Amino acid sequence: MFQHTRPAELDPLGGADPWAEFRVGAPAERLRLLRELRDGSVPVILNAPDGAALPSQIWAVDTAQSRLNFSTDGLEGLLPRLIDADEAVAVAYLQSVKLQFDLHGFTLVRGAQASALQCALPSEIYRFQRRSAYRVRPPERHAPTARLRHPALPEMALALRIIDISIGGCALWLPHDVPPLRAGTRLGELAVALDAETRFACPAVLQHVSALGGGDAARGTRLGCEWGALPGSAERVLQRWIDRTQQQRRRLTL
């Protein structure tokens, strides 16, 4: 009986639920968010238990059958891993909001014109603000850089300008003449140089790709990256640099 009547802010054992404030409780609101992802063709990253990250989009929200339909374009070789696992964590971004939800019951439905990856509608969706951490936008003339190997071309070494950076991730500028990258790509280890004395290394995942406008920036794209397991030493170095940069900007403003 308690499971049917417990308040949203309590967990199944009756204790305080730390995720309650992030949970989208109303079914109508969950459907609205899923349809917004569908209507905007928003990239959705399907993260399998074995570490595979599959970029896709929601094709249809079938309320009659309680099913979601995902695009399978470019995923043919990865689909068996997801279907065998029969579970995934989906991550998508709506402007300043990060959405995360568990998915189960995957099946591949083949049609005459196209195929679709189906699963059950999520029973819970969590909503997080993406920019809860202070983000620093360094001046271009002193821009930090991130060095990495192109995931599709390991022989290609890249040194990308950091557009902005926070304790949760960074945005990189990808020039127009570099082979493009897709959302969901694991970038491997980034060697980040914030200045001559401040450096650290950390893995990252490419969460979203968008065009840049205006001036020379129109000749490239913006890569929104999320840090992987940020080592404690790297987190301290990054936080000190962000705090110092924030203080400098305040002094300049005054």
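Residues numbered from 1 in each chain as written. Predicted model: local features only at pLDDT ≥ 70, side-chain atom pairs only at ≥ 80, totals over all residues. Heavy atoms only, no water.

Asker: Explain helix α2 (residues 27-39) to me, please; I cannot follow it from the model alone.
Answerer: One turn of the α-helix equals 3.6 residues, which is why residues spaced by three or four share an orientation. The terminal C-alpha atoms of α2, which comprises 13 residues, lie 18 Å apart, in line with the 18 Å expected from a rise of 1.5 Å per residue. Every buried residue of α2 is accounted for by Arg-30, Leu-33, Leu-34 and Leu-37. Projected down its long axis, α2 carries its buried residues within an arc of 95°, all on one side. In α2, the exposed positions that point more than 90 degrees away from the buried face belong to Ala-28 and Asp-39. One or two steps after α2, the chain reaches Ser-41, where phi turns positive at roughly 50°. (Helix = DSSP H or I, 4+ residues; strand = E, 2+ residues; numbered from the N terminus. Expected span 1.5 Å × (residues − 1). Buried < 20%, exposed > 50% of the residue type's maximum accessible area, 1.4 Å probe, protein only. Arc of directions from axis to C-beta.)

Asker: Would you mind showing me how to read the pattern of salt bridges here?
Answerer: Pairs can form between side chains of opposite charge once their charged atoms are near each other. Applying the stated criterion across every chain yields a total of eight salt bridges. In this structure, the salt-bridge partner of Glu-29 is Arg-32, at a minimum N-O distance of 2.7 Å. Highlighted residues: Glu-29 and Arg-32, both in helix α2, separated by three residues, approximately one helical turn. Among the residues examined, Glu-29 registers a relative accessible area of 21% and is labelled partly exposed. (Salt bridge = Lys/Arg side-chain N within 4 Å of Asp/Glu carboxyl O.)

Asker: How should the nonpolar core be read in this particular structure?
Answerer: Inside soluble globular proteins, nonpolar side chains tend to come together where they are buried. With 29 residues, the main nonpolar core has Leu-37, Leu-46, Phe-70 and Leu-103 as its most contacted residues. Contributions of two or more residues to this core are made by α2, β2 (44-47), β4 (58-62), β5 (67-71), α3 (79-85), β6 (87-94), β7 (97-104) and β9 (115-120). Excluding its chain neighbours within four sequence positions, the residues that come into contact with Leu-37 are Val-42, Val-44, Ile-58, Ala-92, Leu-94, Leu-99 and Phe-101. Counting 28 residues, the second largest nonpolar core, distinct from the first, contains Leu-160, Leu-194, Cys-202 and Leu-206. (Core = buried A, V, L, I, M, F, W, Y, C linked by side-chain atoms within 4.5 Å. Contact = heavy atoms within 4.5 Å.)

Asker: Explain the sheet that holds strand β12 (residues 153-165) here, please?
Answerer: Strands in a sheet are paired, the pairing made by backbone hydrogen bonds, and the direction either parallel or antiparallel. Ordered by their spatial adjacency, six strands build a closed barrel running β11-β12-β13-β16-β15-β14, and the pairing between neighbours is antiparallel. Going across the sheet, the axis of each strand differs from the next one's by a mean of 45°, ignoring polarity. Direction of pairing for strand β11 (residues 145-150) relative to β12: antiparallel, over a ladder of six bridges. Counted as the bridge partner of Thr-145 is Arg-161 from β12. (Pairing = 2+ DSSP bridges. Axes fitted to C-alpha atoms, helices over the stretch in contact; angles between N-to-C directions.)

Asker: Before we go on, may I ask you to explain the pairing of strand β14 (residues 186-193) in this structure?
Answerer: For a regular strand, side chains alternate in direction, first toward one face of the sheet and then toward the other. With three bridges joining them, β11 and β14 adopt antiparallel strand pairing. Note on β14: the bridge partner recorded for Thr-145 is Ala-193. Across seven bridges, the pairing between β14 and strand β15 (residues 199-211) is antiparallel. The partner of Val-192 across the bridge, within β15, is Phe-200.

Asker: Explain the packing of aromatic side chains to me, please; I cannot follow it from the model alone.
Answerer: Aromatic rings in a pair are described by how distant their centres are and how their planes are angled relative to each other. Tallied over the full model, the rule gives one aromatic pair. Relative to Trp-227, the ring of Phe-200 lies with its centre 5.6 Å away and its plane at 75°, an arrangement referred to as edge-to-face. Of this pair, Phe-200 sits in strand β15 while Trp-227 sits in strand β16 (residues 220-227), placing them 27 residues apart in sequence. Here the two residues Phe-200 and Trp-227 agree in accessibility, since each one is buried. (Phe/Tyr/Trp six-rings, centres within 6.5 Å; stacked < 30°, edge-to-face > 60°.)

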